[in-house]
Amino acid sequence: MNMVHQHKNHHAPSAIVVGGGISGLLAARRLTDAGVNVTVLDQNDYLGGALGAHKVAGLVLDSGAESYATRTPTVTNLVKELGLDDQIVHPNSHGSWLYLPQGARKTPSTGIMGIPGDLSDKSLAGVLGKSGLRRARMDKVLPASVGANAKTLGELVRARMGKKVLDNLVAPVVSGVYSTHPDMLDIDAVIPGLREGLKKHKSLAAASAAIRAQAPAGSQVAGLSGGMHLLIEQLIEKMPAPVRYIPECGVIAVDRDPITNEWVVIRRRSDGEKAASVGADYLVIATDGSTAARLLGPHIKGSSLPNIDPGPEVALVTLVVDQPALNSNPRGTGLLVSEAVTNVRAKALTHATAKWAWVAEEAGKNRHVVRLSYGRGGEQSTFSDVSLDEDQLITLALRDASKLLDVPITAQNLVDADVVRWNGVLPLSTPGYRERVQLFRERAAELDTVCTVGSWAAGSGLAAVVRDTQEQLDQFIAHITQKCASK
C-alpha cells in the first residue's frame, strides 16, 4: 500500500511515523493537515493495530476494540469528523453479568469500574452475600480519611468497602479492562477524580455514583455499525493529503545524521530482507512503549532511562456457532470472570450477537458470535493460557463458553473460529508508571524533533488514546511551525 502524492511539496518539512495503529494514523492526519510530508511505517501487513478486522464464518468483525467510552465526547467528535456519525450504535440493553465462584450473577448497574454507587441496590446481596453487603455499607459511616492515602484502587476499595466488593465486583471489571488486579492500578490513572470525589462526598459509593452521573444519558459505551475498524478505513480514506504507507516493515533502529539532524529509519521487511532506509526531518514514534524505549534509548541523554514495561499479552478467541439456545441471551451481553473462579480460564466473554444488533443481523437466525478473552497480568507467559496453540485455545474457549453461558456449545455447534493475539496494546497503570512515562517523554522531547504517542503513554481505552495523541501532535506541530518560521 504505497501511495505517494504526485504533487508532493518537496520544500515542506517531512516526518516519519513509526506505527500504523490509531495513534500513528491520527498523527499522520494532524501532520498532513499542517502541510507536513508524511511516511507511515508498520510491521504488519495491515494498518489499524488494535482497531483491526478479521473474517470469521464470512462475517467481518472487529479483531480488537469493539466499542469506545462515551464519558467524554473525544471519540464521538472524531467519528463525526470522519462522516461516520450515522453509524454510531449503542449496545442492546440486556445488561452484563459477573461469573463468581458461587455462579453467574447480574452486574449491578450503578457506579464506576465495579465500585457500586448505590449500596441499597437489592442485586448486591446476590453478589456480595449478607456479610459482604453489611461491610460495604460501612463506607457511608467511615471517616473520609479512611483510604484517602491509598495508592492503588484495590487498597482504596478494600479499606472503604471490604474484600467482597473488591473480589466480586471491582476485580472482575478491572481484569477485563486492564488485564491485571486492582492492587496493581494507580487510582488517579484509572479513575481520575475518584479521590477528590471521596473528599467531597465523604463516601466511595457517592463518589462513584457522581462520576457515573457525569456520563451522557444512556449507555456509557458506543460502537459503529459494521465495526470499529471502519474508523481506520475512514482515517486512511480522508487524510487531508496523501500519505506514503509502507506495511510489513519492521524498524530495527533509528539514527540521526550528525550534520543535517535528519532522522533515518533502518528497517527490515517481514520476509527478513533488508530494505532501504527512510529519512525525514521529524520523527513520531507510535509503537508500544518497550519499542519506543528501544528505538529512542540510544539517543536520550542520561544514564538511567525510565523503565517502560510492555503490557500483558492477550488472546481473543472468536467463536461463530449455530446454537438456538443462545437466542434468549442467557447471560445478557456477556460476563466478566472473577480471578477466584477455578472452573473457567477466560477472564471475559462478550456475546456479540446479543450486544450488537448489527452483528445479529449479519449473522442470521440461530447463529451467534461469542468472543472470549485470555491473559491476566502477572501470569508467567510459559504457563499462561495465551501460550496455548490456536486449536487448544479454541477447544478451551468452547468449554469455557458452555460454562459461562450455561448452554452446551461443542465442536458440532462450531461454524468457524479465529484467535487473535495482542502484545503490549494494554498499558500498565501501576503506581509510579505515569511519572516514568512523563519522564521518558521529557527526555525524548529534548531531542527537539521527536514526538511519542500510543496507548502505553495515553492510558487504556480509545478515548484516552485519541485525546492524548491529538494533544501531543498539536504541541508538536506548533513546535515544527516555530522551527520553520525561524529558518
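Residues numbered from 1 in each chain as written. Predicted model: local features only at pLDDT ≥ 70, side-chain atom pairs only at ≥ 80, totals over all residues. Heavy atoms only, no water.

1. Focus: the overall build of the chain
- Tallying secondary structure elements over the chain gives 16 helices and 20 strands in all.
- Relative to its length of 487 residues, the chain is compact, with a C-alpha radius of gyration of 23 Å against a globular reference of 23 Å.
- The principal-axis extents of the C-alpha atoms in the chain amount to approximately 70 × 55 × 45 Å.
- For the chain, with 487 residues in total, the buried portion stands at 53%.
- Summarising the internal contacts of the chain: among those between residues at least 6 apart in sequence, 71% fall at separations of at least 24.
- For the chain, the accessible surface area stands at approximately 21500 Å², while carbon and sulfur atoms represent 49% of it.
- Computed over 51 positive and 49 negative side-chain charges, the inter-centroid distance for the chain is 8 Å. (Helix = DSSP H or I, 4+ residues; strand = E, 2+ residues; numbered from the N terminus. Rg over C-alpha atoms; globule rule 2.2 N^0.38 Å. Buried < 20%, exposed > 50% of the residue type's maximum accessible area, 1.4 Å probe, protein only. Contact = heavy atoms within 4.5 Å. Areas by Shrake-Rupley, 256 points an atom, 1.4 Å probe, with all protein chains shown as cover. Lys, Arg positive; Asp, Glu negative; His and termini not counted. Charge placed at Lys NZ, Arg CZ, Asp CG, Glu CD.)

2. Things to note about the nonpolar core
- The biggest cluster of nonpolar side chains holds 43 residues, and the ones touching the most others in it are Ile-22, Leu-31, Val-38, Leu-231, Val-284, Leu-462 and Phe-476.
- Going through the elements one at a time, strand S1 (14-18), helix H1 (22-33), strand S2 (37-41), helix H2 (74-81), strand S9 (221-224), helix H9 (229-237), strand S14 (282-285) and helix H16 (462-486) are the ones with two or more residues in this core.
- It is H16 that provides the largest number of residues to this core, a total of eight residues.
- Counting residues domain by domain, this core receives three or more from each of domain 1 (14-47 + 230-309 + 428-486) and domain 2 (67-93 + 221-226 + 312-423).
- Non-local contacts of Phe-476, meaning those with residues more than four positions away in its chain, are made with Leu-31, Tyr-282, Leu-283, Val-284, Thr-449, Val-450 and Cys-451.
- Ranked by size, the runner-up nonpolar core spans 33 residues in total, among them Leu-128, Leu-153, Val-157 and Val-165. (Core = buried A, V, L, I, M, F, W, Y, C linked by side-chain atoms within 4.5 Å. Domains from an automatic or database assignment.)

3. With respect to the packing of H2 against H16
- Between H2 and H16, the shortest axis-to-axis distance is 8 Å and the interhelical angle comes to 75 degrees. Taken together, the axes of H2 and H16 lie roughly perpendicular to each other. Together, Thr-74, Val-75 and Leu-78 of H2 and Leu-462, Ala-463, Val-466, Arg-467 and Gln-470 of H16 make up the contact between the two elements.
- Of the residues in the contact of H2 with H16, the class split is five nonpolar, two polar and one charged. (Axes fitted to C-alpha atoms, helices over the stretch in contact; angles between N-to-C directions. Parallel < 35°, antiparallel > 145°, perpendicular 65-115°, else oblique. Nonpolar A, V, L, I, M, F, W, Y, C, P; charged D, E, K, R; others polar.)

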